[in-house]
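# Notes for the structure review
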Amino acid sequence: MITDPARALAIAKSIFLERFPGADYAFVAGSIMRGEGRAWSDIDLVVVYRALPLAHRESETVDGVPVEMFVHDSSTLAWFMEQDIAKGRPSLLSMVAEGEVIGRRIALGKVLQAKVAARLAAGPRPLSAEALEDLRYQITDALDDLRGERSRAEKLAIGARLHPLLAELSLRTRDCWNGAGKWLPRQLEAAQPGLSSRYETAFADLFGAGRADAVLQLGEAELAQVGGRCFDGFRRDALAAQRIDTRSPLAATKDRV
């Protein structure tokens, strides 16, 4: 394992030259490159060709370091970044915006990097009314599952489901990008000082002692800022295409009854 950005960059350049000789440029990103590397930190390598039949992703351990490679041309990269924007979770945008540009067409890579950095700084699109209602409904349901008598195992499972939903609500309704895993505490703190600590205290009490009161209070407080609980009157219609062929053994028909 390494934590030195210079060593990580050297590994990335070697991979780029050996495995992607026809590529125009690449972005070398990740916690090691930011100077925040720890044991098991990896290198993110976003490789860009002029044209490819298909984009792909692959992972490999090189010199003891995990390396994740995202291989694109400009149009597939744009497509996947648009998907990130739609989800409000800019994983790929962040790699491009913060990465070290390498390759034979560095100037072209830097032009793209500047555009992506500007889009990242502009923040996510607002949640649609339907998406916000869906999120409120799921959080309301999870909070209600925590009320009353529950086994410790059930509380752990409910809390694991609730945490990312509630964090997404907190972040998106504060006009901030969403994240996952280790990024969530940092993003919550950036969204509002002290918010990450509230999450840590509440969920530590739930996961450690099995007490749900603090999580319930946090959840109700976050819901209150966007219209409160969502249950009565909630409805979603299925799509016309969401119907299985009657020849399926799971589809009951009058002829079979």
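What comes next concerns the included structure.

Conventions we followed
- Each residue is numbered by its place in its chain's sequence as written, counting from 1.
- A pLDDT threshold of at least 70 governs which residues receive local features in this predicted model, and a stricter bar of 80 or more applies before side-chain atom pairs are shown or counted, although totals over entire chains, interfaces and linings include all residues.
- Water and hydrogen atoms play no part in the side-chain values, which are based on all heavy atoms of the structure.
- Here the rule is simple: two strands pair whenever DSSP picks up at least two bridges between them.
- Numbering of helices and strands runs from the N terminus; a helix is a DSSP stretch of H or I covering at least four residues, while a strand is a stretch of E covering at least two.
- Where helices are involved, their axes are fitted lines through C-alpha atoms of the stretch in contact, as for all axes, and angles between N-to-C directions lie from 0 to 180°.
- Each residue after the first adds 1.5 Å to the expected span of a helix.
- Exposure is judged per residue with a 1.4 Å probe applied to protein chains only, and the accessible area is read against the type maximum: over 50% gives exposed, under 20% gives buried, and values in between give partly exposed.
- Note that the arc is defined by the directions from the helix axis to the C-beta atoms.
- When checking whether two residues touch, look at their non-hydrogen atoms; a contact exists if any pair is within 4.5 Å.
- Only buried residues count toward a nonpolar core. Its members are Ala, Val, Leu, Ile, Met, Phe, Trp, Tyr and Cys residues joined through side-chain atoms within 4.5 Å.
- Between 65 and 115 degrees an angle is taken as roughly perpendicular, under 35 as roughly parallel, over 145 as roughly antiparallel, and anywhere else as oblique.
- Note on convention: near helix rotated counterclockwise from far helix by under a right angle means a left-handed crossing. Clockwise means right-handed.
- Under the scheme applied here, ten amino acids are nonpolar (Ala, Val, Leu, Ile, Met, Phe, Trp, Tyr, Cys and Pro), four are charged (Asp, Glu, Lys and Arg), and all others, including Gly, are polar.
- Aromatic pairs are defined between Phe, Tyr and Trp rings, using the six-membered ring for Trp, whenever the two ring centres lie within 6.5 Å; interplanar angles under 30 degrees are classed as stacked, those over 60 as edge-to-face, and all others as tilted.
- The rule for a salt bridge is simple: a side-chain nitrogen of Lys or Arg has to be within 4 Å of a carboxyl oxygen of Asp or Glu.

With that settled, the discussion passes to the sheet that holds strand E1 (residues 25–29). Spatially, the five strands line up as an open sheet ordered E3-E4-E2-E1-E5, and their pairing is mixed. Each edge of the sheet is formed by a strand with only one pairing partner; in this case those strands are strand E3 (56–62) and strand E5 (100–103). Taken over all neighbouring pairs, the strand axes of this sheet differ in orientation by 25° on average, direction set aside. In this structure, E1 lies alongside E5, joined through four bridges in antiparallel fashion. Each residue of the ladder has a partner; that of Phe27, found in E5, is Val101.

A word on helix H8 (residues 195–209). For H8, with 15 residues, the first-to-last C-alpha span of 21 Å sits near the 21 Å given by 1.5 Å per residue. Buried within H8 we find Leu195, Ser196, Tyr199, Ala202, Phe203 and Leu206. An end-on view of H8 places all buried positions within 140° of arc, on one side of the element. Along H8, the residues that are exposed and aim more than 90 degrees away from the buried face are Glu200 and Thr201. Buried residues belonging to H8 abut helix H5 (129–146), helix H6 (152–172), helix H7 (183–191) and helix H9 (213–224). Of the residues trailing H8, Gly210 is marked for its positive phi of about 80°.

So, on to the nonpolar core. Ranked by internal contacts, the top residues of the largest apolar core, which has 26 residues, are Ile139, Leu146, Leu162, Leu166, Tyr199 and Phe203. Counting residues per element, the ones that place at least two in this core are H5, H6, H7, H8 and H9. Counting residues per element, this core draws most heavily on H6, at seven residues. Leave out the neighbours within four places in its chain, and Leu162 touches Ile139, Ala142, Leu143, Leu146, Phe203 and Val215. Judged by nonpolar contacts, the second largest core, of 22 residues, contains Phe16, Ala26, Ile32 and Met69.

With that settled, consider the packing of H6 against H8. When two helices pack together, you describe them by how their axes are tilted relative to each other and by the distance separating the axes. It is the contact of H6 with H8, at a shortest axis distance of 9 Å, that shows an interaxial angle of 165°. When the interaxial angle is binned, H6 and H8 end up roughly antiparallel. Considering the relative orientation of H6 and H8, their crossing is right-handed. Here H6 contributes Arg152, Lys155, Leu156, Gly159, Ala160, Leu162, His163, Leu166, Ala167 and Ser170 to the contact with H8, which in turn contributes Leu195, Tyr199, Phe203, Leu206, Phe207, Gly208 and Ala209. Partitioning the contact of H6 with H8 into residue classes produces eleven nonpolar, four polar and two charged.

The next point concerns the packing of aromatic side chains. Applying the stated rule across the entire model yields six aromatic pairs. Summarising the aromatic geometry, the rings of Phe203 and Phe207 are spaced 5.9 Å apart at their centres and angled 40° between planes, so their arrangement reads as tilted. Residue Phe203 and its partner Phe207 are located together in helix H8, separated by four residues, close to a single helical turn. A relative accessible area of 30% means that Phe207 is categorised as partly exposed.

Counting across every chain of the model gives 21 salt bridges. Here Glu60 makes a salt bridge to Arg19, at a shortest N to O gap of 2.5 Å. On the criterion of sequence distance, the pair formed by Glu60 in strand E3 and Arg19 in helix H1 (residues 5–19) is long-range, its members being 41 residues apart. Among the residues examined, Arg19 registers a relative accessible area of 34% and is labelled partly exposed. Residues joined in a network through salt bridges with shared partners are Arg34, Glu36, Glu98 and Arg186.

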